[in-house]
Amino acid sequence: MTHKVYLSLGANIGDRHAGIAAALELLGETVGRVVRRSSIIETEPWGFESENKFLNMCVALETDLSPHQLLVATQDIERRLGRKAKSAGGVYADRLIDIDILLYDDISVSTPELTVPHPHMRERDFVMRPLMEIMDGNW
Ligand SMILES: Nc1ncnc2c1ncn2[C@@H]1O[C@H](COP(=O)(O)OP(=O)(O)OP(=O)(O)O)[C@@H](O)[C@H]1O
Ligand SMILES: Nc1nc2c(c(=O)[nH]1)N=C(CO)CN2
């Protein structure tokens, strides 16, 4: 059974374009087919102070993974690309790559590890601008 998912990608340190390109490649290998990708935008850090601007984009994929399998896969990609610490308690930090699960079909998930739709997506311009570019009106 194939599911449609929307992800947000962000990077604000290192070679940001290379980080995003590597994440897209690994998503294609381990998650599923990338069916749409937004343009890449440069954005000011949101929710924390840093002099390092982000590159952000959104992608739509078709996947056979369950929501939790998808979270494990995206976190594995973050680790493989050198991301060290996870955020805790809403305190953000610079990151080589961040992959957030925005939407998974039309379902809601609410577990300690995973909340879908992503709880902060609507208030984040760096998510909504690229997402609107690639949404096909089914949400
Ligand atoms: N929809 C989701 N997508 C990705 N991670 C999620 C989601 N819902 C809950 N999480 C949890 O959030 C934890 C923190 O993830 P991370 O460090 O990437 O947060 P963040 O991206 O800095 O902050 P935010 O969650 O506000 O975007 C993860 O370990 C994961 O279990
Ligand atoms: N501009 C921008 N700001 C952020 C971002 C991000 O991807 N882009 N991610 C965060 C934690 O998920 C916190 N702040």
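Since this is a predicted model, take the numbers as computed values, not measurements.

## Things to note about the nonpolar core
As a rule of thumb, soluble globular proteins bury nonpolar side chains together.
No. 1: Core analysis: the biggest nonpolar cluster contains 26 residues, and Leu7, Leu9, Ile20, Leu27, Val59 and Leu70 have the highest contact counts within it.
No. 2: Elements with a minimum of two residues in this core: β1 (3–11), α1 (16–30), β4 (54–63), α2 (67–80) and β5 (98–104).
No. 3: Here this core takes five residues from α1, the largest share from any one element.
No. 4: Discounting residues that sit within four places of it in the chain, Leu7 has contacts with Leu27, Met57, Cys58, Val59, Leu61, Leu70, Thr74, Ile99, Asp100, Ile101 and Leu102.
No. 5: Counting residues in hydrophobic clusters, the runner-up holds 12 residues, among them Ala60, Leu102, Leu103 and Met128.

## Some thoughts on the pattern of salt bridges
No. 1: Scanning the entire structure with this criterion turns up six salt bridges.
No. 2: Linking Arg16 and Glu42 is a salt bridge whose minimum nitrogen-to-oxygen distance equals 3.0 Å. With a gap of 26 residues between them, Arg16 in helix α1 and Glu42 in strand β3 (residues 41–43) connect regions that are remote in the sequence.
No. 3: Note that Asp100 is salt-bridged to Arg124, the shortest N-O span being 3.9 Å. Of this pair, Asp100 sits in strand β5 while Arg124 sits in the loop between β7 (115–116) and α3 (125–134), and the two are 24 residues apart along the sequence.
No. 4: Among the residues examined, Arg124 registers a relative accessible area of 5% and is labelled buried.

## Remarks on the site of ligand 2
No. 1: Near ligand 2 lie 13 residues; those nearest to it are Thr43, Glu44, Trp46, Asn56 and Asp98.
No. 2: The side chain of Thr43 places a nitrogen or oxygen atom 2.8 Å from a nitrogen atom of ligand 2.
No. 3: Asp98 places a polar side-chain atom, nitrogen or oxygen, 3.1 Å from an oxygen atom of ligand 2.
No. 4: Within the complex, the protein chains bury 97% of what would otherwise be the 330 Å² of accessible surface of ligand 2.

## What about the pairing of β4?
No. 1: For β4, the tally of buried residues reaches nine of 10 residues, placing the bulk of the element in the interior.
No. 2: Sheet topology note: the β1/β4 ladder contains nine bridges and is antiparallel. Directly across from Leu7, in β4, lies its bridge partner Val59.
No. 3: In this structure, strand β2 (residues 32–37) lies alongside β4, joined through five bridges in antiparallel fashion. Counterpart to Arg33 in the pairing with β4 is Glu62.
No. 4: Both β3 and β4 contribute to a ladder of three bridges, which runs antiparallel. Counterpart to Thr43 in the pairing with β4 is Phe54.

## Observations concerning the packing of α1 against α2
No. 1: Where α1 meets α2, the closest approach of the two axes is 10 Å, and the angle between their N-to-C directions is 140°. When the interaxial angle is binned, α1 and α2 end up oblique. Seen from above, α1 lies across α2 with right-handed handedness. Here Ala23, Leu26, Leu27 and Thr30 of α1 lie close against α2, whose contacting residues are Thr74, Ile77 and Arg80.
No. 2: Residue composition of the contact of α1 with α2, grouped by class: four nonpolar, two polar and one charged.

Calculation criteria
Residues numbered from 1 in each chain as written. Chains lettered and ligands numbered in written order. Predicted model: local features only at pLDDT ≥ 70, side-chain atom pairs only at ≥ 80, totals over all residues. Heavy atoms only, no water. Core = buried A, V, L, I, M, F, W, Y, C linked by side-chain atoms within 4.5 Å. Buried < 20%, exposed > 50% of the residue type's maximum accessible area, 1.4 Å probe, protein only. Helix = DSSP H or I, 4+ residues; strand = E, 2+ residues; numbered from the N terminus. Contact = heavy atoms within 4.5 Å. Salt bridge = Lys/Arg side-chain N within 4 Å of Asp/Glu carboxyl O. Near = heavy atom within 4 Å. Polar contact = N/O pair within 3.5 Å; in protein donor to acceptor, adjacent residues only side chain to side chain. Areas by Shrake-Rupley, 256 points an atom, 1.4 Å probe, with all protein chains shown as cover. Pairing = 2+ DSSP bridges. Axes fitted to C-alpha atoms, helices over the stretch in contact; angles between N-to-C directions. Parallel < 35°, antiparallel > 145°, perpendicular 65-115°, else oblique. Left-handed = near helix turned anticlockwise from the far one by under 90°. Nonpolar A, V, L, I, M, F, W, Y, C, P; charged D, E, K, R; others polar.

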